[in-house]
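# A structural walkthrough
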Amino acid sequence: MKPTCCGGASFSCLLLAVLLLLLHLSHITSILGQNTEGALTVVESEEEEGVGNVEATVDDDDGDEEGDLEVVQPNELWQTLKPGQAVPAGSHVRLNLQTGEREVRLGEEQLKYWTQEHRDKEDSRSFSHDELEQAMKKIKEDLKLSSQDTDRQESVASKYRPLEELKRDMAQLEMLVETDVQIMRRLLDQFNSSNTTTEQRLSILQELEYLVHQVDNAQTLCSMGGLQFILEGLNSTDSRLQQSSAFVLGSALASNPAVQVKAVESGALQILLTTLATAQTLQVQKKVLFAVASLLRNFPYAQRHFLSHGGLQVLSDLFRVDEGGILRTRIVTMLYDMISEKELISQAHLDPVLDASHEERVRQYSEVSLQLELLEKGWCSLVPQLLESADHDYREKALRALLAMAPVCLDQYRSDSSLLGSLLSLRDQYQAIVQSEMILGEENSYFAEIVELIDSLQVKMK
């Protein structure tokens, strides 16, 4: 725009215009300085024709700000600033010379990254100096924790192989997971091989003993023909094979009626009695007794065959030669269990609600004349000998067996002076122990039960 001052006064008009311009610039500086701590860089505005404007870019200042200012978030359009408002660093601020108001918009660098998503997320709240310091502290702590987690992950990763690598190695090794049936089949094949040594057979029997504790495995072993291999082991001249074979057989028979039936049908009872009568070591005798007891338990058919095949005579001979009492205790316990089974079945027979299978069991037990056989084979005088042991457990088992045998042995008990003397001596001994325990505040002890057993037997003998 060209000045249009009067002729000779053109110099004066020019001077007046310069003074007015300086006055406006000083006014702009004073206004912006009141509300913004940063320095202002004045630039020329060329965007709008016919409007006089002065623009300023707000730069950062390191000085601390006292009090909180309301920060206006600019956008790509010019907007009017109110008194007391501040703008972010990098914004463009101008003074509209026509309206005399300050206006602000985004700077050029800000405009490059400004999107509608950013505008929607902007928050117009103000932040104090303390809040900014806390935020910076939190960022540093998060960075430190992130670094520690990374170090920990790297440490763990260095100790273990990657999963993909393990899968690849497993595939290369072609590892197969064997079922119990496959394992038993493999073990039986190895056991039956002529190239298998005695040590290997012992190891196989040990593995089989672990497997046959499961009812299904024991039955499967029988269906595979494994029972025959085990019985052959009982006939071996090697006492170690006899012992291990008896242990496997006893474990397979325990609480497994299907295997008990198979064993009786396979002639296991006769082989066990023969082995028991001819065994040379205590370890073999113990394992064979375990197998015999497992075969006879809750199986009246096997008990009847046991009596008819001279089983009580074999036990009597074994009882007499056993000086340590270990075999005596096992034998007496087995006889007591057989007597108790029959008594329990007889008592249950009084119950009117019973199934047909129970009636059959009662019939089969009625054919087992165990107590009469005990009387005939001299067990009424054999069992009291166990009371001479110093072991409390041996004495207890002997007293329980004597009470169970009382219905057929009372006459012999009464005429046995040695038995009468033993009962009196034992009662005094255990009664003294019980009284000592009562003084110490211990009641209902194990020894009190032994006194009760002695009392019950003495009452029956009177």
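What counts, and where the lines are drawn
Residues numbered from 1 in each chain as written. Predicted model: local features only at pLDDT ≥ 70, side-chain atom pairs only at ≥ 80, totals over all residues. Heavy atoms only, no water. UniProt positions renumbered as here; feature names shortened; annotations may be inferred. Helix = DSSP H or I, 4+ residues; strand = E, 2+ residues; numbered from the N terminus. Buried < 20%, exposed > 50% of the residue type's maximum accessible area, 1.4 Å probe, protein only. Contact = heavy atoms within 4.5 Å. Areas by Shrake-Rupley, 256 points an atom, 1.4 Å probe, with all protein chains shown as cover. Expected span 1.5 Å × (residues − 1). Disulfide = S-S within 2.5 Å. Pairing = 2+ DSSP bridges. Core = buried A, V, L, I, M, F, W, Y, C linked by side-chain atoms within 4.5 Å. Patch = residues over 30% accessible without salt bridge, like charges linked within 9 Å, V, L, I, M, F, W, Y side chains within 5 Å. Salt bridge = Lys/Arg side-chain N within 4 Å of Asp/Glu carboxyl O. Polar contact = N/O pair within 3.5 Å; in protein donor to acceptor, adjacent residues only side chain to side chain. Axes fitted to C-alpha atoms, helices over the stretch in contact; angles between N-to-C directions. Parallel < 35°, antiparallel > 145°, perpendicular 65-115°, else oblique. Left-handed = near helix turned anticlockwise from the far one by under 90°. Nonpolar A, V, L, I, M, F, W, Y, C, P; charged D, E, K, R; others polar.

Looking at an unreviewed UniProt entry, the protein chain carries the name Nucleotide exchange factor SIL1, with the source organism given as Parambassis ranga. The record in UniProt for the protein chain states the following under Function (unreviewed entry): "Required for protein translocation and folding in the endoplasmic reticulum (ER). Functions as a nucleotide exchange factor for the ER lumenal chaperone HSPA5." Check the Subcellular location (unreviewed entry) section of the UniProt entry for the protein chain; it says "Endoplasmic reticulum lumen".

## Some thoughts on the overall build of the protein chain
Each helix and strand counted, the protein chain has 22 helices and seven strands in total. The burial tally for the protein chain puts 36% of its 462 residues in the buried class. Here the contacts in the protein chain between residues at least 6 apart in sequence split such that 64% fall between residues at least 24 apart. Counting only carbon and sulfur atoms, one obtains 53% of the accessible surface of the protein chain, whose full area is about 28200 Å².

## Notes on helix H13 (residues 282-296)
The end-to-end C-alpha separation of H13 is 21 Å, in line with the 21 Å expected for 15 residues at 1.5 Å each. Among the 15 residues of H13, eleven are classified as buried, and the element is accordingly described as predominantly covered. All of the buried residues in H13 are Val284, Gln285, Lys286, Val288, Leu289, Ala291, Val292, Ala293, Ser294, Leu295 and Leu296. One or two residues past the end of H13 sits asparagine 298, with phi positive at roughly 55 degrees.

## A closer look at the state of the cysteines
Within the structure shown, the criterion is met by one disulfide. Disulfide partner of cysteine 380: cysteine 409, at an S-S distance of 1.8 Å. Disulfide cysteine 380 to cysteine 409: torsion about the S-S bond roughly -60 degrees, handedness left-handed. Of this pair, cysteine 380 sits in helix H19 (residues 379-382) while cysteine 409 sits in helix H20 (residues 392-415), and the two are 29 residues apart along the sequence.

## Thoughts on unusual backbone geometry
Positioned with a positive phi, serine 255 is a non-glycine residue whose angle comes to about 55 degrees. Looking at the element boundaries, serine 255 is found in the loop between helix H10 (239-253) and helix H11 (257-265). Even without glycine at this site, asparagine 298 takes up a positive phi of about 55 degrees. Among the structural elements, asparagine 298 can be located in the loop between H13 and helix H14 (300-308).

## With respect to the pairing of strand E7 (residues 102-105)
Of the two faces of E7, the one carrying Arg102 and Val104 and the one carrying Glu103 and Arg105 are both buried. The sheet contact formed by strand E4 (residues 79-80) and E7 spans two bridges and is antiparallel. Bridge assignment links threonine 80 to a residue of E7, and that residue is glutamate 103. As defined by bridge partners, strand E6 (residues 92-96) adjoins E7 across four bridges and the pair is classed as antiparallel. Its bridge partner lying in E7, valine 93 is registered against valine 104. Linking E6 to E7, which pair antiparallel, is a turn of five residues; within it glycine 100 sits at a positive phi near 75 degrees.

## Some thoughts on the nonpolar core
By size, the foremost hydrophobic cluster in this structure holds 94 residues, and its most contacted members are Phe306, Leu312, Leu315, Trp379, Met405 and Tyr413. If sequence neighbours within four positions are ignored, phenylalanine 306 has contacts with Leu269, Leu273, Val292, Leu296, Gly311, Leu312, Leu315 and Met338. The next biggest cluster of nonpolar side chains, apart from the first, holds five residues, and it includes Val72, Leu81, Val87 and Val93.

## Regarding the environment of alanine 246
Tracing the chain through its elements places alanine 246 in helix H10. Owing to a relative accessible area of 0%, alanine 246 belongs among the buried residues under this scheme. Alanine 246 sits 43 residues away from leucine 289 along the chain, and the two C-alpha atoms are 8.6 Å apart. If we skip the residues at most four places from it in the chain, alanine 246 touches Leu234, Lys287, Val288, Phe290 and Ala291.

## Focus on a nonpolar patch on the surface
On the surface, Met136, Ile139 and Leu143 cluster together into a nonpolar patch covering about 310 Å² of accessible area. Among the secondary structure elements, leucine 143 is positioned in helix H4 (residues 129-159).

## A closer look at the side chain of glutamine 242
With respect to the helices, strands and loops of the structure, glutamine 242 is situated in helix H10. A residue is classified by how much of its surface remains accessible, and glutamine 242, at 13% relative accessible area, is buried. Setting aside its immediate chain neighbours within four residues, glutamine 242 contacts Gly233, Leu234, Ser236, Thr275 and Val284.

## Quick look at helix H21 (residues 417-439)
The terminal C-alpha atoms of H21, which comprises 23 residues, lie 34 Å apart, in line with the 33 Å expected from a rise of 1.5 Å per residue. Of the positions making up H21, those classed as buried are Leu419, Leu423, Leu426, Tyr430, Val434 and Glu437. Buried residues along H21 sit against H20 and helix H22 (446-461). If you check the start of H21, you find a side-chain oxygen 3.1 Å away from the backbone N of serine 418, and it comes from aspartate 416. Of the residues one or two after H21, glycine 441 is the one with positive phi, at around 90 degrees.

## Concerning the packing of helix H12 (residues 268-278) against H13
Taken N-terminus to C-terminus, the directions of H12 and H13 make an angle of 150 degrees; their axes are 9 Å apart at the nearest point. It follows that H12 is roughly antiparallel to H13 by the angle criterion. Crossing angle aside, the handedness with which H12 passes H13 is left-handed. Residue-level inspection shows Leu269, Leu272, Thr275 and Leu276 of H12 in contact with H13, the latter providing Val284, Gln285, Val288, Leu289, Ala291, Val292 and Leu295. Residue composition of the contact of H12 with H13, grouped by class: nine nonpolar, two polar and no charged.

## Quick word on the pattern of salt bridges
By the definition in use, this model includes eleven salt bridges. For glutamate 103, the salt bridge identified is with arginine 94, shortest N-O distance 2.6 Å. Its relative accessible area of 4% is what places arginine 94 among the buried residues. The partner of glutamate 367 in a salt bridge is arginine 304, and the shortest N-O contact between them spans 3.3 Å. With glutamate 367 in the loop between helix H17 (356-366) and helix H18 (370-376) and arginine 304 in helix H14, the pair connects residues that are 63 residues apart, well separated along the chain. What makes arginine 304 partly exposed here is its relative accessible area of 32%. When salt bridges that share partners are traced, they join Arg304, Glu360, Arg363 and Glu367 into one network.

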